[in-house]
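Fold and contact review
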Amino acid sequence: MESIFITGGGSGIGRAVAQLFAARGWRIGLADVNEAGMRETAALLGDAPVTMHLLDVRDRDAWGRVLADFTAASGGRLDVLFNNAGVGVGGVFAETSVEELQRCVDINLMGVVWGAHAGYPYLKASRGCLLNTASAAGIYGTGGVAIYSATKFAVRGLTESLDGEWTAQGIRVRALLPSFIDTAILDGTPVGSNESMRQRVRAARLEFTPVETAAQAAWDAVHGDRLLTLVGKTARRMWFASRFMRGSMRRTARGNA
């Protein structure tokens, strides 16, 4: 039985991906700091084999332990490692605390780095796939999400680099670049703002992409040849504009500052 290990599996995209892969016959490993959320996800997976692993992705040593536990349950298989855990940090950069800046880097970037590093021997053995959640914010930087955007650019860069480095060893490396997925992460309020990200997206008349669309994109990324998978209309528009209308993108980014 094919197996997938999902960080951030207690909610949002991670939960939706777990449901989709479970429905298609995969073994699921859920990892999160939110044990209650993982239990809620597990309850949605029917009869699919599932294990739960309490994991703070910032802890490199813990990564080694949880992957050893997961592969012990899966018969040694790790076909997909989905580096999905992340936090949204937005608002005025100069007013954001040092602690919050560091937290964003440690979870969104170093959590992915540690996952890739710990998962490498298992993925090499299975000739599997490393799937990372980047973001449309990693296409072009926008005022108001500076540190978040920086981490997602870095995840995109790591994905592109490892794709080149690991291809000869049979490992596929892929990234999702979602725009505004309709999950709880949008309910956070950026630093220096009285509005949630959800309210700001509505005010800008941008679309919310259903979380099920992101889950299908993850399936397609794992089973296809595309290095970067854009998820949502906003992501596709940003990709086009960043390639052919960079002046317009710069003016838009300045307008959002």
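Residues numbered from 1 in each chain as written. Predicted model: local features only at pLDDT ≥ 70, side-chain atom pairs only at ≥ 80, totals over all residues. Heavy atoms only, no water.

**Considerations on the side chain of Asp32**
Filter applied, for reference: Numbering of helices and strands runs from the N terminus, with a helix taken as a DSSP run of H or I at least four residues long and a strand as a DSSP run of E at least two residues long. Only protein chains enter the accessibility calculation, which uses a 1.4 Å probe. A residue is then buried if its area is under 20% of the maximum for its type, exposed if over 50%, and partly exposed in between. When charges are tallied, Lys and Arg are placed among the positive residues and Asp and Glu among the negative ones, while His and the ends of the chain are skipped. Salt bridges, as used here, are contacts in which a Lys or Arg side-chain nitrogen is within 4 Å of a carboxyl oxygen on Asp or Glu. Residues adjacent in sequence count toward polar contacts only when both atoms are side-chain atoms; beyond that, a polar contact is any pair of N or O atoms within 3.5 Å, and within protein one must be able to donate a hydrogen and the other to accept it. The contact rule is simple, with two residues in contact once any of their heavy atoms fall within 4.5 Å.
Following the sequence through the fold, Asp32 ends up in strand E2 (residues 27-32). Salt bridges are absent for the buried Asp32, whose nearest opposite-charge side chain, Arg15, sits at 7.7 Å. A polar contact of 3.0 Å, which involves the side chain of Asp32, links it to the backbone nitrogen of Asn34. Setting aside its immediate chain neighbours within four residues, Asp32 contacts Gly8, Gly9, Gly10, Ser11, Met38, His53, Leu54 and Leu55.

**Digging into the packing of aromatic side chains**
Under the convention used in this document: Two rings from Phe, Tyr or Trp (for Trp, the six-membered ring) form a pair when their centres sit within 6.5 Å of each other. Planes less than 30 degrees apart are called stacked, planes more than 60 degrees apart edge-to-face, and all others tilted. Two conditions define a charge located above a ring, namely a distance within 6 Å from the ring centre to NZ of Lys or CZ of Arg, and an angle within 35 degrees of the ring normal.
By the definition in use, this model includes six aromatic pairs. Ring geometry for Phe5 and Trp63: centres 6.1 Å apart, planes at 55°, overall tilted. With Phe5 in strand E1 (residues 3-7) and Trp63 in helix H3 (residues 60-73), this residue pair connects regions lying 58 residues apart in the sequence. The exposure class of Phe5 is buried, given its relative accessible area of 0%. Under the relative-accessibility criterion, Trp63 is labelled buried at 0%. Between Trp26 and Trp219, the ring centres sit 6.1 Å apart and the planes meet at 65°, which makes this aromatic pair edge-to-face. Of this pair, Trp26 sits in the loop between helix H1 (12-23) and E2 while Trp219 sits in helix H7 (residues 211-223), placing them 193 residues apart in sequence. Judged by relative accessible area, Trp219 falls into the buried class, the value being 17%. One cation-aromatic arrangement involves Arg24 over Trp219; the distance from NZ or CZ to the ring centre is 4.7 Å.

**Section: helix H2 (residues 35-43)**
Note the threshold: This arc is built from the directions going out from the helix axis to the C-beta atoms.
Within H2, burial applies to Gly37, Met38, Thr41 and Ala42. Projected down its long axis, H2 carries its buried residues within an arc of 140°, all on one side. Elements in contact with the buried residues of H2: H1, E2 and strand E3 (50-54). Looking at where H2 begins, the residue whose side-chain oxygen comes 3.2 Å from the main-chain nitrogen of Ala36 is Asn34.

**Description of the pattern of salt bridges**
Going through the model one piece at a time under the given rule, you end up with seven salt bridges. Note that Arg15 and Glu40 form a salt bridge whose closest N and O atoms lie 3.2 Å from each other. Of this pair, Arg15 sits in helix H1 while Glu40 is found in helix H2, placing the two residues 25 residues apart along the sequence. The partner of Asp79 in a salt bridge is Arg77, with the nearest N and O atoms 2.7 Å apart. Accessibility expressed as a relative area gives 8% for Asp79, which makes it buried.

**Side note on the packing of helix H4 (residues 98-126) against helix H5 (residues 146-166)**
Cut-off, in case you're wondering: The angle between two axes is taken between their N-to-C directions and runs from 0 to 180 degrees, where each axis is a line fitted to C-alpha atoms and a helix contributes only its stretch in contact. Between 65 and 115 degrees an angle is taken as roughly perpendicular, under 35 as roughly parallel, over 145 as roughly antiparallel, and anywhere else as oblique. By definition, any crossing whose near helix is turned counterclockwise from its far helix by less than a right angle is left-handed, and any crossing with a clockwise turn is right-handed. Under the grouping applied here, Gly and all other residues not named as nonpolar or charged are polar, the nonpolar ones being Ala, Val, Leu, Ile, Met, Phe, Trp, Tyr, Cys and Pro and the charged ones Asp, Glu, Lys and Arg.
Between H4 and H5, the shortest axis-to-axis distance is 9 Å and the interhelical angle comes to 15°. Put simply, H4 runs roughly parallel to H5. The two elements H4 and H5 cross, and the hand of that crossing is right-handed. Together, Leu101, Cys104, Val105, Asn108, Leu109, Val112, Val113, Ala116 and Tyr120 of H4 and Ile147, Tyr148, Thr151, Lys152, Ala154, Val155, Leu158, Leu162 and Trp166 of H5 make up the contact between the two elements. A breakdown of the residues in the contact of H4 with H5 according to their chemical character gives 15 nonpolar, two polar and one charged.

**Details of empty space enclosed by the protein**
The condition is simple: Definitions used for this entry: grid spacing 1 Å over protein atoms alone; cavity, a set of points where a 1.4 Å probe fits but cannot get out; pocket, an open set with protein on both sides within 12 Å along at least 5 of 7 lines; lining residue, one with an atom within 4 Å of a point. Grid points are joined across faces, edges and corners, and a volume is the space filled by probe spheres set on the points.
For the structure shown, the criterion picks out one cavity of 30 Å³ or more. A volume near 30 Å³ is recorded for the largest cavity. Lining the largest cavity we find Val89, Gly90, Gly91, Phe93, Thr96, Gly144, Val145, Ala146 and Ile147. Residues belonging to the lining of the largest cavity are distributed by class as follows: five nonpolar, four polar and no charged.

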